[in-house]
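Chains, contacts and geometry: an overview
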Amino acid sequence: MLFSDDDYAVYRLAVALKKPSSTVDFLLECSLHAPFTLFNAETGFMEARNADGSWAGQDQGWIEGDKLASSFDVVHDMTALIEERGGHENFVWSLGEHFDGGHNDHTSEPSHHIPYLYALAGAAYKTQARGREIARANYNNTPIGLSGNEDCGQMSSWYIFSAMGFYPVNPVSGEPFFDKITIELPPTPQPKDEHRKRTLTISALGAPTYIKSLTVNGSRVEIPIILHEIFLSLAVRFLADWKSWVVEAG
């Protein structure tokens, strides 16, 4: 599963480096095809295979995580994963089963992106609720304030990103924990650029649990997805409401 994520990352690097199309196409095909060779349509979960191609068993082959967390781990092609798992409505139901059944283990990284997957399945407001729930249960201002191993900063970075209202996976959605956050971004590489100094400002009056809309530099964002390049000198503003930002499934 993780190798397919790696292949996709290498594919993006190959594109940036202008590698031959044969290399680029091969890496992309590997990244998009490989995860679904492990999807068992009969069980609805990812599953390891034996050397002869037969299924190894639902509890076999997992090193960190399990079939529950790993079945949500195709972050570079969530559209295909949602389709494989029965469409938007079934996918949202499976996320609810995952959380409500006590299967989400926030002490380990394989679960960290999962609350943000509601966004691409038409239920962004559920991400907003889950984010607050996870933050309250797994973080506090004491010497033992992290529920899991910090592991290169992942536990803390999850909280910081979530507190800002977004998370760095392909499908993103969240709700700010604070009224206003200001981040000094690295300057542009051009010394004579009059806009070389860049600041990202995120505001959400009242730090609401639910938001109904998002604007970036005054322009409305229609779906809860923000590309990385958008953040390079911007003002991001969240507006509050009760469960009103729901992307229609379809």
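This text follows the structure it describes.
So, a few notes on the structure that sits alongside this text.

Reading guide: rules and limits
- Within every chain, residues take consecutive numbers counted from 1 along the sequence as written.
- Selection of residues for local features in this predicted model requires a pLDDT of at least 70, selection of side-chain atom pairs for listing and counting requires 80 or more, and totals for whole chains, interfaces and linings are taken over all residues.
- To get the side-chain values, take all heavy atoms of the structure and skip hydrogens and water.
- By convention, a stacked pair of Phe, Tyr or Trp rings (six-membered ring in the case of Trp) has centres within 6.5 Å and planes under 30 degrees apart, an edge-to-face pair has planes over 60 apart, and any other such pair is tilted.
- Put simply, DSSP marks the helices as runs of H or I at least four residues long and the strands as runs of E at least two long, and each gets a number from the N terminus on.
- Whether a residue is buried, partly exposed or exposed follows from its accessible area with a 1.4 Å probe, protein chains only, as a fraction of its type maximum: under 20%, in between, or over 50%, in that order.
- Working definition of a nonpolar core: buried Ala, Val, Leu, Ile, Met, Phe, Trp, Tyr and Cys residues. They are joined through side-chain atoms within 4.5 Å.
- Throughout, a contact is declared for two residues whenever any of their heavy atoms are within 4.5 Å.
- When DSSP locates at least two bridges between a pair of strands, those strands are taken to pair.

It is worth spelling out the packing of aromatic side chains at this point. Within the structure shown, the criterion is met by nine aromatic pairs. Where Phe99 meets Tyr118, the ring centres are 6.2 Å apart and the plane angle is 20°; that geometry is what we call stacked. Taken together, the residues span a long stretch of sequence, with Phe99 in helix H5 (residues 88-100) and Tyr118 in the loop between H5 and helix H6 (124-138) at a distance of 19 residues. In this structure, Phe99 and Tyr118 share a single accessibility class: buried. Chaining the aromatic ring pairs together yields one cluster made of Tyr116, Phe161, Phe166 and Tyr167.

Residues Leu81, Phe91, Leu95 and Trp158 are the most contacted members of the largest nonpolar core, which totals 32 residues. Among all residues touching Leu81, those that are not within four sequence positions of it are Phe36, Met46, Ser71, Phe72, Asp73, Val74 and Phe91.

With that settled, the discussion passes to helix H7 (residues 154-164). Residues separated by three or four positions in an α-helix point in the same direction, a consequence of the helix having 3.6 residues per turn. Listing the buried residues of H7 in full gives Gln154, Met155, Trp158, Ser162, Ala163 and Met164. Once H7 ends, the next one or two residues include Gly165, with phi positive near 100°.

Another aspect to go through is the pairing of strand E4 (residues 198-203). Here E4 shows a buried face lined by Arg198, Leu200 and Ile202 and an unburied face lined by Thr199, Thr201 and Ser203. In this structure, strand E3 (residues 180-185) lies alongside E4, joined through six bridges in antiparallel fashion. Paired with Thr182 across the two strands is Thr201, which belongs to E4.

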